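Summary of the model geometry
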Amino acid sequence: MLTLIKNARIYSPRHLGVCDLLVCSNKIAQIDNNIEISGADLPLQQIDAQGKVLIPGLVDSLVHISGGGGEGGFNTRTPELNFGDAVLGGVTTLVGALGTDATTRSLNELHGKARALTADGLSCYHYTGSYQVPVKNANG
């Protein structure tokens, strides 16, 4: 499958101006001022991105993917991150953390959420400790 994105204002991260971008097998194959694809038998999806900005995926290096808060008890917890919220924000890679709450959340939950987000298509990693002293880590 080929995807041709036309007329996007592209940053890679340097500003390249208004260009076309060709994606082949989920990889960028070409960026140029004007890409034309000929051949009626090619599987091609074409997107007009006029007025849109195209940027590389963003990296968020500290995200409470299994939720935030909670050090004040279960009623102070906030919900876990969902895949759509990350992607809509332009994030393609993130690193999960427990933060201050290793009481109502666990490293097992954090690891499971990181694996779920990876299965959905994000590049997801996680830290193996928290703010607790002594630190609880992946080794116990």
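Presented here is an overview of the structure given in this document. (Residues numbered from 1 in each chain as written. Predicted model: local features only at pLDDT ≥ 70, side-chain atom pairs only at ≥ 80, totals over all residues. Heavy atoms only, no water.)

**Some thoughts on the sheet that holds strand β6 (residues 58-63)**
Within a sheet, neighbouring strands are paired by backbone hydrogen bonds and run either parallel or antiparallel to one another. As a reminder of what qualifies: The criterion for strand pairing is that DSSP finds at least two bridges linking the strands in question. Only DSSP runs of H or I reaching four residues or more are called helices, and only runs of E reaching two or more are called strands; each is numbered from the N terminus. Lines are fitted to the C-alpha atoms to define the axes, a helix being fitted only along its stretch in contact, and any angle between axes, read from their N-to-C directions, falls within 0 to 180 degrees. Contact criterion: two residues are considered in contact whenever any of their non-hydrogen atoms come within 4.5 Å of each other.
In space, the three strands of this open sheet follow the order β6-β7-β8, with parallel pairing throughout. Only two strands of the sheet have a single partner each, and these edge strands are β6 and β8 (123-126). Geometrically, the sheet is characterised by an average inter-axis angle of 15° between neighbouring strands, direction not taken into account. Across four bridges, the pairing between strand β7 (residues 91-96) and β8 is parallel. Across the sheet, leucine 94 pairs through a bridge with cysteine 124, a residue of β8. Strand contacts of helix α2 (residues 107-120): β7 and β8, with the helix running at about 170° to β8, the strand carrying the most contacts.

**Overview of a nonpolar patch on the surface**
Here is the rule we go by: For patch building, the residue pool is restricted to those with more than 30% relative accessible area and no salt bridge; the joining distance is 9 Å between like charges and 5 Å between nonpolar side chains (Val, Leu, Ile, Met, Phe, Trp, Tyr). Shrake-Rupley sampling with a 1.4 Å probe provides the accessible areas, and residues are treated as covered by the protein chains on show and by no other component. Only one rule defines a salt bridge in this text: a Lys or Arg side-chain nitrogen within 4 Å of an Asp or Glu carboxyl oxygen. Buried residues are those whose accessible area, probed at 1.4 Å on protein chains only, stays under 20% of the maximum for their type, while exposed residues exceed 50% and partly exposed ones sit between those limits.
The grouping of Val53, Ile55 and Leu58 at the surface amounts to a nonpolar patch, some 240 Å² of accessible area in total. Assessed through its relative accessible area of 38%, leucine 58 is described here as partly exposed.

**Observations regarding the layout of surface pockets**
Note the cut-off: In the cavity and pocket records, a cavity denotes points on a 1 Å grid over the protein atoms alone where a 1.4 Å probe fits but cannot get out, a pocket denotes an open set with protein on both sides within 12 Å along at least 5 of 7 lines, and lining residues are residues with an atom within 4 Å of a point. Grid points are joined across faces, edges and corners, and a volume is the space filled by probe spheres set on the points. All residues other than Ala, Val, Leu, Ile, Met, Phe, Trp, Tyr, Cys, Pro, Asp, Glu, Lys and Arg, Gly among them, are scored as polar; the first ten of these are nonpolar and the last four charged.
There is about 380 Å³ of room inside the largest pocket. Forming the boundary of the largest pocket are 15 residues, of which Ile28, Leu54, Ile55, Pro56 and Gly57 lie nearest the centre. Residue assignment for the lining of the largest pocket shows that the elements contributing at least two residues are β1 (2-11), β2 (15-24) and β3 (27-32). Broken down by element, the residue count for the lining of the largest pocket peaks at four residues, all from β1. Residue composition of the lining of the largest pocket, by class: ten nonpolar, five polar and no charged.

**Quick look at the pattern of salt bridges**
Counted under the stated rule, the structure contains three salt bridges. Note that lysine 6 and glutamate 36 form a salt bridge whose closest N and O atoms lie 3.5 Å from each other. With lysine 6 in strand β1 and glutamate 36 in the loop between β3 and β4 (44-48), this pair connects stretches of sequence that are 30 residues apart. Put simply, lysine 113 and glutamate 80 hold a salt bridge, and the shortest N to O gap is 3.0 Å. Remark: glutamate 80 occurs in the loop between β6 and α1 (83-88) and lysine 113 occurs in helix α2; sequence separation between them is 33 residues. A network of salt bridges, in which partner residues are shared, links Lys6, Asp20 and Glu36.

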